[in-house]
Amino acid sequence: MSLAATSVSEHGFDAWLAHKRSRRIKNWLIVAAGAAVLAWCVRDTILFDTDWARMGGALGIGGTLERFFWVDWSLAPKLLVPALETLMMATLGTILGCILSLPVAWFGAANVTPSRFILYPLGRFLMVLSRSIHEIIWALLFVGAVGLGALPGILAVAMRSIGFISKITAEAIENIDPKPVEAIRAVGGNQFQVMYYGIGPQILPVIIGTIIFEWDINIRRSAIMGLVGAGGLGLVFFRQMAMFNYGGVTLVVLAVLALIALGEVVSHFARKAVI
Amino acid sequence: MALASLQSIPAAPRRWSRYRHPQSTIRFAVLLAVLTFLAWSVAFLNVDLLRILGAFPRLAEILATRYFPPDLNYVSDADFIRSVIRTLEMSLLGGFFGVVFSIPLAWLAARNITFSRRIAYPLGRFAIMGSRSIHETIWTILFVTVLGFGMLAGTLALTVFCIGFAGKLFSDELEAIDMGPVDAMRSVGASPLQVFQYAVLPQVRVAFTGIAIYTWDVAFRAATVVGFFGGGGMGWYLKRTTQQLESTRVAAILLVIIALVLIAEIGSGWLRRRISRMR
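Residues numbered from 1 in each chain as written. Chains lettered and ligands numbered in written order. Predicted model: local features only at pLDDT ≥ 70, side-chain atom pairs only at ≥ 80, totals over all residues. Heavy atoms only, no water.

Condition: UniProt positions are given in the numbering used here, feature names are shortened, and annotations may be inferred rather than shown by experiment.
As annotated in an unreviewed UniProt entry, chain B carries the name Phosphonate transport system permease protein and comes from Shinella granuli. Under the Sequence similarities (unreviewed entry) heading, UniProt states for chain B: "Belongs to the binding-protein-dependent transport system permease family." Taken directly from UniProt, the Subcellular location (unreviewed entry) text for chain B runs: "Cell membrane".

In the nomenclature of an unreviewed UniProt entry, chain A corresponds to Phosphonate transport system permease protein from the organism Shinella granuli. The UniProt entry for chain A carries the following comment under Subcellular location (unreviewed entry): "Cell membrane".

**Re a nonpolar patch on the surface**
We count it as follows: Excluding any residue in a salt bridge, patches collect residues exceeding 30% relative accessible area, merging like charges within 9 Å and nonpolar Val, Leu, Ile, Met, Phe, Trp and Tyr side chains within 5 Å. Every accessible area reported is derived by Shrake-Rupley at a probe size of 1.4 Å, with residue values counting cover from the shown protein chains alone. A side-chain nitrogen of Lys or Arg and a carboxyl oxygen of Asp or Glu constitute a salt bridge if their distance falls within 4 Å. Per the convention used, a helix needs a DSSP run of H or I reaching at least four residues, while a strand needs a run of E reaching at least two, with both numbered from the N terminus. Each residue's exposure class comes from its accessible area (1.4 Å probe, protein chains only) as a fraction of the maximum for that residue type: buried when under 20%, exposed when over 50%, partly exposed otherwise.
A cluster of nonpolar residues, A:Leu80, A:Val81, B:Trp40 and B:Phe44, forms a patch on the protein surface that exposes about 400 Å² of accessible area. Elements represented by at least two residues in the nonpolar patch include exactly helix H4 (80-108) of chain A together with helix H2 (21-44) of chain B. With respect to the secondary-structure elements, A:Leu80 resides in helix H4. For A:Leu80, a relative accessible area of 62% corresponds to the exposed category.

**What about the pattern of salt bridges?**
For the structure shown, the criterion picks out 14 salt bridges over all chains. Note that A:Glu214 is salt-bridged to A:Arg221, the shortest N-O span being 3.1 Å. Look at A:Arg221 and you get buried, because its relative accessible area is 11%. Connected via shared salt-bridge partners are A:Arg131, B:Asp217, B:Arg221 and B:Glu265.

**Considerations on the side chain of B:Thr140**
Residue and element names in this part refer to chain B. Spelled out, the test is: Any pair of residues with heavy atoms lying within 4.5 Å of one another is described as a contacting pair.
Mapped onto the elements of the fold, threonine 140 is located in helix H7 (residues 136-147). Note on threonine 140: relative accessible area 0%, which makes it buried. Aside from chain neighbours lying at most four places away, what touches threonine 140 is Ala157, Val226, Phe229 and Gly231.

**Describing the packing of helix H11 (residues 235-243) of chain B against helix H12 (residues 247-278) of chain B**
All names here are of chain B. Put simply, the rule is: Axis angles are defined between N-to-C directions and span 0 to 180 degrees, where every axis is a line fitted to C-alpha atoms and, for a helix, only to the segment in contact. Angles below 35 degrees are treated as roughly parallel, those above 145 as roughly antiparallel, those between 65 and 115 as roughly perpendicular, and all remaining angles as oblique. Handedness of a helix crossing follows the sense of rotation of the near helix relative to the far helix, less than a right angle counterclockwise being left-handed and clockwise being right-handed. Lys, Arg, Asp and Glu make up the charged group, whereas Ala, Val, Leu, Ile, Met, Phe, Trp, Tyr, Cys and Pro make up the nonpolar group; the residues left over, Gly among them, are polar.
Closest axis-to-axis distance for the H11/H12 pair is 8 Å, and the angle between their directions is 155°. On the basis of their axis angle, the class for H11 and H12 is roughly antiparallel. For the pair H11 and H12, the sense of crossing is left-handed. Note on element contacts: H12 touches H11 through Arg249, Val250, Ile253 and Leu254, opposite Tyr237, Leu238, Thr241 and Thr242. Of the residues that constitute the contact of H11 with H12, the class distribution is five nonpolar, two polar and one charged.

Below you can see the structure in the form of structure tokens.
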């Protein structure tokens, strides 16, 4: 009896040891494969593709960096209007993105979607599409469609925000408490009333938090819209770069940092007020 | 009698509202300020609201007429496929180095376990916020200016981008850990490194792996356009074809990007689910 029990436990111990050994070997194999892939990438990208001679050694790099170091403060007054434009572009883009993401979230939330076979996949697809295309590409497409100016920037920022806002909103809608919805249906509320009184109040805090978060990110995004033909700080950056005025470039980067710090403060207080 | 006297007291007409006087006024003022700012922005930026509505039909029309038959021969070219592989390599390297550098920075920037709140905390915080605040395309342009065209600049830009992206998620994760093991290790005299290795890391290992995979996913999305500004990879083809107005080729490249990002997203989602199940 006791002998049998011992042999079973010893057998179990051996099996456990063997399992642990095989697992360790597996982990080492994964690490080795990862290291090999990384080494291959380093060889391809850094060793073979880099023109070390043109870089001019440490002296050349130092010389270029030094030119960035002398900040061109004379540009500062000319940055106020572009900075304001960038902020406005981000704000309008976020608002437009919210408006556009409402139907997408409605289609893409499994429990309220009007049609599970056509509109639900469409909503999900639009969410992925919006996030998978980079804001630069959206801006290029819209510059082609509506011409230069702030409008393509606003539209690009809006299109890029749809994915995130509608995904979070759809998840919030899927996780709501169904009881208020049933109650409103039971007393004869129509579809709009169900949405406005049953779903809306439950998801509003989540949505507002997401919008504030997205606004914060959109400031960064709208700061580069000028690179492809929409206005704002990106345009000044592009021009300073084209003039090889690296001190001015540094100042624009500092202005972007200041703008984002401002956005960070505003969103901190806004989130505190909402939640 | 008593009823009559009760009825003679004039009832104060009170309407119920969720917010009382000072709060409701503040809410109203903030709402008004936001709306004023919006209206001012529309006026200042000269945005024609009707053109916003017209932009989507116009985009659809342009996509249908100019971009429509995507030039699939162009994207099945060997050079293009090599550039796609290079994009993948850049995103892997950028993601790897970004994660490696961002773990110590996140350690500094996590308020509960940083080794000095006066010096290290603001330093780590500033490094993460700085690399996060500047958009990856600006980093690309700066690195291209200093180091020349090529994948080195793109890889470095992606690394900085990943430091900002992963660093914030890592430090948020670190700030949410259970402090019990940390206090226990500290009270028996462990060094900060030992505390990190034995009390912090086991708690966040699974979450960190998931974040690292997600970081690669996001880095790959960014890597597709890094080449647009000289950073190497498929973005360069995008720039060339857009500037030559070869719209059908642009359409083909965009389709390739969407397909690749979809594959990356599905793959990383599958991996993350598997890893979170191992918890």
